[in-house]
Amino acid sequence: MDDGLFVSDVAGTASTQETSEVLSGRAERDREYVIRPARTSDVSAVVELMAPLVDQRVLLGKEKVTLFESIQEMLVVEAADSAEVIGCGSLHVMWEDLAEVRTLVVRDDWLRRGVGHAILAALLERSRALGVHRVFCLTFETEFFSRCGFSVVQEPPVEPDVYAELLRSSDEGVAEFLELARVKQNTLGNTRMIIHL
Ligand SMILES: CC(C)(COP(=O)(O)OP(=O)(O)OC[C@H]1O[C@@H](n2cnc3c(N)ncnc32)[C@H](O)[C@@H]1OP(=O)(O)O)[C@@H](O)C(=O)NCCC(=O)NCCS
């Protein structure tokens, strides 16, 4: 294990740099990657990052228009030497105290170097800044999320009145969260997990 930044370090940095939201792995002079808000010009790279996982049915494919529409929800990770996008992750707010981590991806050659934890920490920091203290995910990566403090839940963790309100959403991810029959095939084998911040 190297000395890349981990959850608490990154979150601490994020809270003091909320305006730029630029976080770096390792010390500034020796950084390997930078986490920053996504730009519209990153969408093609994000589609490429997602493609193998969509083929494996680990992630659900997203139309480019959906990625553009939700660009403000996304952070990307840029390799410091090449400026290539090597990771991404989004935070989608669902309700007053509920958000979802989506599209958390790290490129194959960057796995197991702390990048995934760093993006997740930055997304959770965003959630805290928004006043949202329950963050949900639907994932095959249960060990990764458990290590980051998430626990498995069986049912959508919302009160019936909120459930009824969420039914009004046209967002595909919200339908998956609610386990609606029409999207059930999208979520087969996934585990629903939640963290209380
Ligand atoms: C989940 C995912 C984002 C994790 O990315 P990652 O960059 O490999 O994550 P990390 O490196 O932070 O952590 C992975 C493991 O590497 C290990 N690790 C972290 N930093 C390390 C380092 N510097 N050296 C050696 N090992 C390290 C950790 O022990 C960690 O183990 P854990 O998951 O049991 O905690 C990645 O596997 C992925 O893209 N999965 C497919 C997409 C997906 O399913 N996303 C989630 C649903 S949206």
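Here is a short report on the structure shown in this document. (Residues numbered from 1 in each chain as written. Predicted model: local features only at pLDDT ≥ 70, side-chain atom pairs only at ≥ 80, totals over all residues.)

**What to know about the overall build of the protein chain**
When helices and strands are counted, the protein chain shows seven helices and eight strands. Counting over 197 residues, the protein chain shows a buried share of 32%. Within the protein chain, contacts between residues at least 6 apart in sequence are counted, and of these 61% link residues at least 24 apart. (Helix = DSSP H or I, 4+ residues; strand = E, 2+ residues; numbered from the N terminus. Buried ≥ 20, exposed ≤ 12 C-beta atoms within 10 Å, placed from the backbone. Contact = placed C-beta atoms within 7 Å.)

**Structural notes on the nonpolar core**
Looking at soluble globular proteins, one finds that nonpolar side chains tend to be buried together. One finds Leu75, Val76, Val77, Cys88, Ile119, Leu120 and Leu123 to be the most contacted residues of the largest nonpolar core, which totals 38 residues. Taken together, the elements giving at least two residues each to this core come down to strand 2 (33-37), helix 2 (43-55), strand 3 (74-79), strand 4 (85-95), strand 5 (98-106), helix 4 (115-130) and strand 6 (134-139). Element by element, the count of residues in this core is highest for helix 4, at eight residues. Beyond its immediate sequence surroundings of up to four residues, Ile119 is in contact with Ile35, Leu75, Val77, Gly87, Gly89 and Leu104. (Core = buried A, V, L, I, M, F, W, Y, C linked by C-beta atoms within 7 Å.)

**Digging into the site of the ligand**
Around the ligand, a shell composed of 25 residues is seen, among which Gly114, Gly116, His117, Phe144 and Arg147 lie nearest. Contributions of two or more residues to the shell around the ligand are made by strand 5, helix 4, strand 6 and helix 5 (142-147). Sort the elements by how many residues they give to the shell around the ligand and strand 5 lands first, with five residues. (Near = placed C-beta within 6 Å.)

**Observations regarding the pairing of strand 8 (residues 191-196)**
By the bridge criterion, six bridges tie strand 6 to strand 8 in an arrangement that is antiparallel. Paired with Val135 across the strands is Ile195, a residue of strand 8. One ladder, built from two bridges, connects strand 7 (residues 151-152) with strand 8; its direction is antiparallel. Paired with Val152 across the bridge in strand 8 is Met193. (Pairing = 2+ DSSP bridges.)

**Considerations on helix 2**
In this model helix 2 runs 18 Å from its N-terminal to its C-terminal C-alpha over 13 residues, within 8% of the 18 Å that 1.5 Å per residue would give. Turning to helix 2, its buried residues are Val43, Val46 and Leu49. Close packing links the buried residues of helix 2 with helix 3 (64-69), strand 3, strand 4 and strand 5. (Expected span 1.5 Å × (residues − 1).)

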